[in-house]
Amino acid sequence: MATTVDRCPLEGSVPTPDPVQRRLSVSYHNAMDSIEEIKQSLAGKKMVIFLDYDGTLTPIVDNPDMARMSENTRRLLENLSKHFTVAIVTGRSIQKITQFVQLPSLYYAGSHGFDIIGPEGHKIEHKVANELLPQLDEIYESLLKKTGHIQGSLVEHGQFTVSVHYRHVDPSLVPELESIIDEVLSAYSSFKKTNGKKVFELKPRVQWNKGEAVLWLLKTLKQLDGRADDADVVPIYFGDDVTDEDAFRVLQRRGGVGVLVTEESRDTNAQYTVSDPRQVAEFLSCLCLWAEQKIVFG
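Note that this is a predicted model, so its numbers are computed, not measured.

Draft legend 1. Examining the sheet that holds strand S11 (residues 233–239) more closely. An order of S6-S5-S4-S3-S2-S11-S12-S14 is seen for the eight strands of this open sheet, with the pairing classed as mixed. Among the strands making up the open sheet, the edge pair consists of strand S6 (125–127) and strand S14 (272–274). Going from strand to strand, the sheet's axes swing by 15 degrees on average, the running direction of each strand aside. With respect to the sheet, helix H4 (residues 94–101) is in contact with strand S3 (85–89), strand S4 (107–110) and strand S5 (115–117), its orientation differing from that of S4 by roughly 140 degrees.

Draft legend 2. Quick look at the environment of Asp115. Of note, Asp115 is situated in strand S5. Taking the C-alpha atoms as reference points, Asp115 and Ser190, separated by 75 residues in sequence, lie 18 Å from one another. Apart from residues no more than four positions distant in its own chain, Asp115 is found in contact with Ile94, Tyr108, Ala109, Gly110, His126, Lys127, Gln159 and Phe160.

Draft legend 3. Fine view of the layout of surface pockets. Taken as a whole, the largest pocket encloses approximately 630 Å³ of empty space. Lining the largest pocket are 36 residues, with Asp54, Pro64, Arg92, Glu156 and His165 sitting closest to its centre. Considered class by class, the residues forming the lining of the largest pocket number nine nonpolar, 13 polar and 14 charged. Approximately 280 Å³ is the volume found for the second largest pocket. Tallied by class, residues from the lining of the second largest pocket come to four nonpolar, four polar and eight charged.

Draft legend 4. Geometry of the sheet that holds strand S9 (residues 191–196). The strand order S7-S8-S10-S9 describes an open sheet built from four strands, whose pairing is antiparallel. Of all the strands in the sheet, the pair left with one neighbour each is strand S7 (154–157) and S9. Taking the axes of each pair of neighbouring strands and ignoring which way they run, one obtains an average angle of 20 degrees across the sheet. Here S9 runs beside strand S10 (residues 199–204); their pairing, made up of six bridges, is antiparallel. Counted as the bridge partner of Phe191 is Pro204 from S10. Together, S7, strand S8 (162–165), S9 and S10 form the strand contacts of helix H5 (residues 133–146), whose direction differs from that of S7 by roughly 165 degrees.

Draft legend 5. Spatial organisation of the packing of aromatic side chains. Overall, the coordinates contain six aromatic pairs when judged by the stated rule. On the numbers, 5.8 Å between centres and 35 degrees between planes, the contact of Tyr53 with Phe100 is tilted. Here the residue Tyr53 occupies a position in the loop between strand S2 (46–51) and helix H3 (71–83), and Phe100 occupies one in helix H4, the gap between them amounting to 47 residues. One exposure class covers both Tyr53 and Phe100, and it is buried. Seen from their ring centres, Phe238 and Phe283 are 5.3 Å apart, and the 70 degrees between their planes marks the pair as edge-to-face. Remark: Phe283 occurs in helix H9 (residues 277–292) and Phe238 occurs in strand S11; sequence separation between them is 45 residues. Here a set of aromatic residues connected by ring pairs shows up, and it is made of Phe50, Tyr237 and Phe248.

Draft legend 6. Fine view of the confidence of the model for the protein. Summarising the model, the protein shows a mean pLDDT of 88, and 91% of its residues fall at 70 or more. Taken as a whole, residues 1–19 scores under 50 in pLDDT and shows 40 contacts with residues more than four places along the chain or in a different chain.

Draft legend 7. Highlighting the pattern of salt bridges. Tallied over the full model, the rule gives 13 salt bridges. Between Asp52 and Lys210 there is a salt bridge, with its nearest N and O atoms 3.4 Å apart. Highlighted residues: Asp52 in the loop between S2 and H3 and Lys210 in helix H7 (residues 210–225), separated in sequence by 158 residues. Each member of the pair, Asp52 as well as Lys210, is classed as buried. Linking Asp276 and Arg278 is a salt bridge whose minimum nitrogen-to-oxygen distance equals 3.9 Å. Ionic contacts of the salt-bridge type, sharing partners, join the residues Asp52, Lys210 and Asp244 into one network.

Draft legend 8. Molecular detail of the packing of helix H2 (residues 35–42) against H9. The contact between H2 and H9 brings their axes to 12 Å, and the two run at 40 degrees. Taken together, H2 and H9 sit at an angle that is classed as oblique. Here H2 runs over H9; the crossing is right-handed. Residue-level contacts link Ile35, Ile38, Lys39 and Leu42 of H2 to Phe283, Cys286, Leu287 and Trp290 of H9. Of the residues in the contact of H2 with H9, the class split is seven nonpolar, no polar and one charged.

How each quantity is defined
- Here, residues in each chain are numbered from 1, in the same order as that chain's written sequence.
- The predicted nature of this model means local features are confined to residues of pLDDT at least 70 and side-chain atom pairs, given and counted, to a pLDDT of 80 or more, with totals for whole chains, interfaces and linings taken over all residues.
- The basis for every side-chain value is the complete set of non-hydrogen atoms in the structure, without hydrogens or water.
- Note on pairing: two strands pair once DSSP finds at least 2 bridges between them.
- By the criteria applied, helices consist of DSSP H or I runs no shorter than four residues and strands consist of E runs no shorter than two, each listed in order from the N terminus.
- For helices, the fitted line uses only the C-alpha atoms of the stretch in contact; every axis is such a line through C-alpha atoms, and the angle between N-to-C directions lies from 0 to 180 degrees.
- For this analysis, residues touch if any pair of their heavy atoms sits within 4.5 Å.
- Throughout, the protein atoms alone are placed on a 1 Å grid, and a set of points is a cavity if a 1.4 Å probe fits but cannot get out or a pocket if it is open with protein on both sides within 12 Å along at least five of seven lines; lining residues have an atom within 4 Å of a point.
- Grid points are joined across faces, edges and corners, and a volume is the space filled by probe spheres set on the points.
- Only Asp, Glu, Lys and Arg are considered charged, only Ala, Val, Leu, Ile, Met, Phe, Trp, Tyr, Cys and Pro nonpolar, and every remaining residue, Gly among them, polar.
- Pairing of aromatic side chains here covers Phe, Tyr and the six-membered ring of Trp, requires ring centres within 6.5 Å, and sorts the geometry by plane angle: under 30 degrees stacked, over 60 edge-to-face, intermediate tilted.
- We call a residue buried when its accessible area falls under 20% of the maximum for its residue type, exposed when it is over 50%, and partly exposed in between, using a 1.4 Å probe and counting protein chains only.
- Confidence scores per residue from the predictor, reported as pLDDT, run from 0 to 100.
- The term salt bridge refers to a pairing of a side-chain nitrogen on Lys or Arg with a carboxyl oxygen on Asp or Glu at a separation within 4 Å.
- In these notes the angle categories are as follows: under 35 degrees is roughly parallel, over 145 is roughly antiparallel, 65 to 115 is roughly perpendicular, and the rest is oblique.
- By convention, the crossing between two helices is left-handed when the near helix turns anticlockwise from the far helix through less than a right angle, and right-handed when the turn is clockwise.

Right, here's the structure in full:
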């Protein structure tokens, strides 16, 4: 852990986040290389931490059911939650993500934010488009039947979303798979298709996404804390997927910090990058250290 401490200096200048989308270079915008600037910008602030799961807390794996978080990461999140409010914002269902993470002290926003619950003992629950769930069940069953012949495809029910994974599908068959999805979806005008990393996501056609979920959680936390305003609250969000851009965009508008997990330069609404889940853990370790030093607060 000495490396982490060495990369968390106590002096530095305040960064000026770019308010518009730009192409971030992984060579020049790495959060760990800018740790001194970030620490100074957060000094004296109250932190709320939002984390995607796949590709952020765990590496992307071939089988989605095998994306299990390491015990080291679990212990780190448990320690982090002793200092800060921590929320997992993911495309996974609430049932799946809570089973994977196994930390009742966290907030969870599952199904891309359509299903939100609070920590154990906190009666916080928010469900979006609950009335559309029977139709989503129909879409799931239909896709299971109609895509069964496409080797390597995987249809996953996320309670408020349906995901069709094609990481193991022959690239020449992906257009056929997408055509089947479009055909099924044509009978359900209340749903839309979006793209992720080797996955098609089917979601209710409502104005809701990870960014809206982050805003709802911040508003709820403000009410729970009895604060008149949240000018001293800085949300920070880590994510690797295109669906995380909605959260990065929201954080731009309210002075938060967005950190994109990527090994390649990309157009993004985030201000910083980290290369992989290992660097996410390194950054979170710095936050724990700063909390212990009373530099930032939870």
